[in-house]
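Coordinates in review
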Amino acid sequence: MLHRFPFSAMASPCELQLYGDDEAAVAEAARAAIAEVERIERKYSRYRDDSVLSAINHSAGEPDGVAVDDETAGLLDYATTAFEQSDGLFDISSGVLREVWDFRSGRVPERAAVERVLERVGWQRVRWQDGRIRLAPGMQIDFGGFGKEYAADRAATVCHEHGVSAGLVDLGGDISIVGPHPDGSPWKVGIRDPRARDDAIAWIPVAHGGVATSGDDQRCMVIEGRRYAHILDPRTGWPVSGLASVSVVAPHCLLAGTASTIAMLRGEEGADWLDGLGLPSLCVDTEGRVRGARGLRRGEGRGVTTHA
Amino acid sequence: MKHPKDTKRAEGALGALTASAMALPGLAPAALADGPVEETSWDNEYSYYREDGLRPSKGVPGADNDRMEIHSYQFRVATPVGERSDLTVNGTYESLSGASPWFVLPDPVDGTPIQVMSGSTIDEKRGDMLATGAYYFDQGSINASGGFSIETDYYSGNIGLGAERSFNDKNTTLSIGASASFDWIRPTDCNEFDRICSEDKQSVNAFAGISQILTRHSAIQSTLGFGYSDGFLSDPYKRAYIDSIGSTIRDSRPDDRKQFTWTTKYRHHVSGFNGTAHIDYKLYVDDWGINSHTLDLAWYQSIPWQVQIVPSFRYYSQSQADFYEVLYQTPRNDGNASSDFRLSPYGAITYGLKLTKDVEDWPGHLDWQFALSYERYESDSGLAFQSVDVENPGLVSFRIFAARISVKF
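Residues numbered from 1 in each chain as written. Chains lettered and ligands numbered in written order. Predicted model: local features only at pLDDT ≥ 70, side-chain atom pairs only at ≥ 80, totals over all residues. Heavy atoms only, no water.

Turning to the overall build of chain B, a few remarks are in order. Helix and strand content of chain B: two helices and 20 strands. In chain B, which comprises 409 residues, the share counted as buried stands at 42%. When contacts within chain B are restricted to residue pairs at least 6 apart in sequence, those whose partners lie at least 24 apart make up 60%. Carbon and sulfur atoms make up 59% of the accessible area of chain B, which amounts to about 20,800 Å² in all. (Helix = DSSP H or I, 4+ residues; strand = E, 2+ residues; numbered from the N terminus. Buried < 20%, exposed > 50% of the residue type's maximum accessible area, 1.4 Å probe, protein only. Contact = heavy atoms within 4.5 Å. Areas by Shrake-Rupley, 256 points an atom, 1.4 Å probe, with all protein chains shown as cover.)

This part covers the nonpolar core. All names here are of chain A. Formed by 77 residues in total, the largest nonpolar core has its most connected members in Ile133 and Ile141. In contact with Ile141, other than residues within four places in its own chain, are Leu53, Ile56, Asn57, Leu76, Ile92, Ser93, Trp123, Ile133 and Leu135. Of all hydrophobic cores here, the second largest spans 15 residues; its members include Leu168, Trp187, Val206 and Val284. (Core = buried A, V, L, I, M, F, W, Y, C linked by side-chain atoms within 4.5 Å.)

Here we take up the pattern of salt bridges. All told, the structure shown has 33 salt bridges over all chains when counted by the stated rule. In this structure, B:Asp280 engages B:Arg267 in a salt bridge whose closest nitrogen and oxygen atoms are separated by 2.9 Å. Highlighted residues: B:Asp280 in strand S15 (residues 275–286) and B:Arg267 in strand S14 (residues 256–270), separated in sequence by 13 residues. Bridged by salt links that share partners, the residues A:Glu36, A:Arg39, A:Lys43, A:Asp69, A:Glu71 and A:Arg154 form one connected network. (Salt bridge = Lys/Arg side-chain N within 4 Å of Asp/Glu carboxyl O.)

The subject of this paragraph is the confidence of the model for chain A. Taken residue by residue, chain A gives an average pLDDT of 85. The fraction at 70 or more is 86%. Every residue in residues 298–308 of chain A is under pLDDT 50, and counting partners more than four places away or in other chains gives 33 contacts. (pLDDT = per-residue confidence, 0-100.)

Here we come to the environment of B:Pro236. Residue and element names in this part refer to chain B. Along the chain, the position of Pro236 falls in the loop between strand S11 (218–231) and strand S12 (239–242). As for Pro236 and Arg195, which are separated by 41 residues in sequence, their C-alpha atoms are 5.9 Å apart. When near neighbours in sequence (up to four residues on either side) are disregarded, Pro236 contacts Ile185, Pro187, Arg195 and Ile196.

Let us now look at the state of the cysteines. All names here are of chain B. Going through the model one piece at a time under the given rule, you end up with one disulfide over all chains. A disulfide bridge connects Cys190 with Cys197, and the sulfur atoms are separated by 1.9 Å. The chirality of the disulfide connecting Cys190 with Cys197 is right-handed, given an S-S dihedral of about 90°. Accessibility expressed as a relative area gives 12% for Cys190, which makes it buried. (Disulfide = S-S within 2.5 Å.)

With that out of the way, let us pick up the packing of helix H6 (residues 253–265) of chain A against helix H7 (residues 270–277) of chain A. Residue and element names in this part refer to chain A. Where H6 meets H7, the closest approach of the two axes is 7 Å, and the angle between their N-to-C directions is 145°. For the crossing formed where H6 meets H7, the hand is right-handed. Residues Ala259, Ile262 and Ala263 of H6 pack against Gly270, Trp273, Leu274 and Leu277 of H7. The residue inventory of the contact of H6 with H7, partitioned by class, reads six nonpolar, one polar and no charged. (Axes fitted to C-alpha atoms, helices over the stretch in contact; angles between N-to-C directions. Left-handed = near helix turned anticlockwise from the far one by under 90°. Nonpolar A, V, L, I, M, F, W, Y, C, P; charged D, E, K, R; others polar.)

Residues and elements named next belong to chain B. The pairing of strand S3 (residues 85–98) with strand S6 (residues 122–136) spans 14 bridges and is antiparallel. In the sheet register, Tyr93 faces S6, and the bridge partner there is Gly127. Summarising the sheet, S6 and strand S7 (residues 140–151) pair through eleven bridges and their orientation is antiparallel. Along S7, the bridge assignment pairs Leu130 with Gly147. The turn joining S6 and S7, which pair antiparallel and follow one another in sequence, is formed by three residues. (Pairing = 2+ DSSP bridges.)

Residues and elements named next belong to chain A. Sheet architecture is open: three strands sit in the order S3-S5-S4, paired in antiparallel fashion. With partners counted over all chains shown, the strands left at the sheet margins are strand S3 (66–67) and strand S4 (127–129), one partner each. Of the strand pairs in this sheet, S4 and strand S5 (residues 132–134) are connected by three bridges, and their pairing is antiparallel. Within S5, the position partnered with Arg127 by the bridge is Arg134.

Residue and element names in this part refer to chain B. Of the pairings in the sheet, the one linking strand S16 (residues 291–303) to strand S17 (residues 307–318) comprises ten bridges and is antiparallel in character. Residue pairing in the sheet places Ala298 in a bridge with Ser312 of S17. Connecting S16 to the antiparallel partner S17 that follows it, the hairpin turn spans three residues, and Trp305 within it adopts a positive phi of roughly 65°. Across twelve bridges, S17 lies against strand S18 (residues 346–359) in antiparallel orientation.

All names here are of chain B. Tallied over the full model, the rule gives 18 aromatic pairs over all chains. With 6.3 Å between their ring centres and 25° between their planes, Tyr73 and Phe75 make a pair best called stacked. Overall, Phe75 belongs to the partly exposed group, its relative accessible area being 23%. Between Tyr135 and Phe137, the ring centres sit 5.1 Å apart and the planes meet at 75°, which makes this aromatic pair edge-to-face. Overall, the relative accessible area of 46% leaves Phe137 in the partly exposed class. Between Arg67 and the ring centre of Phe341, over which it is positioned, the NZ or CZ distance is 5.4 Å. Over the aromatic face of Trp288 sits the side chain of Arg257, whose NZ or CZ is 3.9 Å from the ring centroid. (Phe/Tyr/Trp six-rings, centres within 6.5 Å; stacked < 30°, edge-to-face > 60°. Lys NZ or Arg CZ within 6 Å of the ring centre and 35° of its normal.)

Here you go:
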């Protein structure tokens, strides 16, 4: 039978949906999975001074940098690969651009201010080798681009380790599948229409792996009549236009999240690029049109988790 | 509007990101890889095996030189059973026809060995079935199997047990296993052709292996195997020529055999090319005096449209059995005699090409895989490591075409 465990983490509504006959065992699995999500949140929070991430950022400018543990090293390696494979679009050092871009205000910063911040952006300026990371003065990194997706995958693994083989982990719309429904049928993950928040415009059958979505219509801004997504190109310091939301299904939520982020950053070409990846995906452009839909089905789904 | 270059780059990106994600400690894949199969799959393969005809200079002048051909259908069904176990059933049905080497005679003119074939008398069916059940723990698995094989003149049954245990965050896996088989041999026309009419043999095999993930792009596996056979190990359909008596006698081999193997397999993923190199080496030694080396090279290249191309190459070289001779001057004191080309010194090369195409979610919302392959095998005494004085005239070359359809439910 299906048990649901709603909770809140990483500034998002979250939920575990786990199948199991032994209620106590399922509850224990859920407790351990939620603890794992909270552990990752604490470890990589930008807002906690005692986090590993803060220790790295505080070390910016120090010649020896800081040594990191295996898990962090693995994530930094992953970030390096994503940076290389995206031609520099996926960049965990781009967060400082938020100092000049305030999307809520709708105001566009001075070009000169953007240029100044850009001098502190660029993973190629970070020295990451032999287990030590050295940030140039003024630089910062954050794991906002993949921390939640990684946590979803880890939580799903913890559920597995506790004997749960059917269920899913949903961290604010980033979904990692523990396993298909007990009868073997896939979960049907709905993709919400960015223009009509309560309606799914399509759904994706997902038995394994993960689903992640980048972009959100609420975070679009209009500059000089053109709609921009709330996502910044680390190479120009400027928002990207073209796509409002991208959802991707991949063997892991982490991969899905990275692919959807890179597709967003590629703007108009993002849908074609995703097509080349061969992953089921759905792109919605800033005018609300579906631009690329691969491996998607329309219609009613069972066990729907609708997120966009 | 598609940019082929972008498509290619994107596929490479997925490979690189996947490899990088796999390297993260404790991310799902390692934990899942060792589990039971998660969906029912059904593989079907048809293959056509055809041996080259005996070269005219190697056979009896004017005789039919055709050799064997085999049409073979194989299937494999794997299905999860409950949450922690799975069941796999493999089966084969094949039809064999043609001729096989019978004995070697000296050419009446110059004394060189010439191969006498059985004549195209073989027309047989063979069926086999093997069922394996496995149960998975968090850190390992155990499996048990049982199977049989039936031909007109040959019946065989086998059982096996195995276990796997992983360590070191599943980066290291130890495997052990043992099996036993019981074979009954009932040659056809045993009275007409001076053959044994009923014999049997028993074999036991055991192996222990270790596999180690070396880096995020490479892994190695090394396995030691031991086999022991006891009983009738000769070939009832072959004979050996003894010059001093001017006639042939039954093929006769020792009644036990110990075999050792050491196999090492290395896999290396090259993300820049989106391909994986497979490099395998096998050393084989037995107490009949045969030792052999096999080097297998294959490159698994992924290209767009979910197509994979696999060119492969294999080199093989073996030394002869101590008691083997292509032609005997006098009978051996121990009574052994065999001129079987499979006990002779020779080398062989195999080259092959396989194409696979994945089609997901079609038709019937199922995942399909289609494969076509071709393999060419050529053996020759000149390919052996060591120099060979007299080549066995029965050495075989063949080709195999195969087509496979697999579906996951």
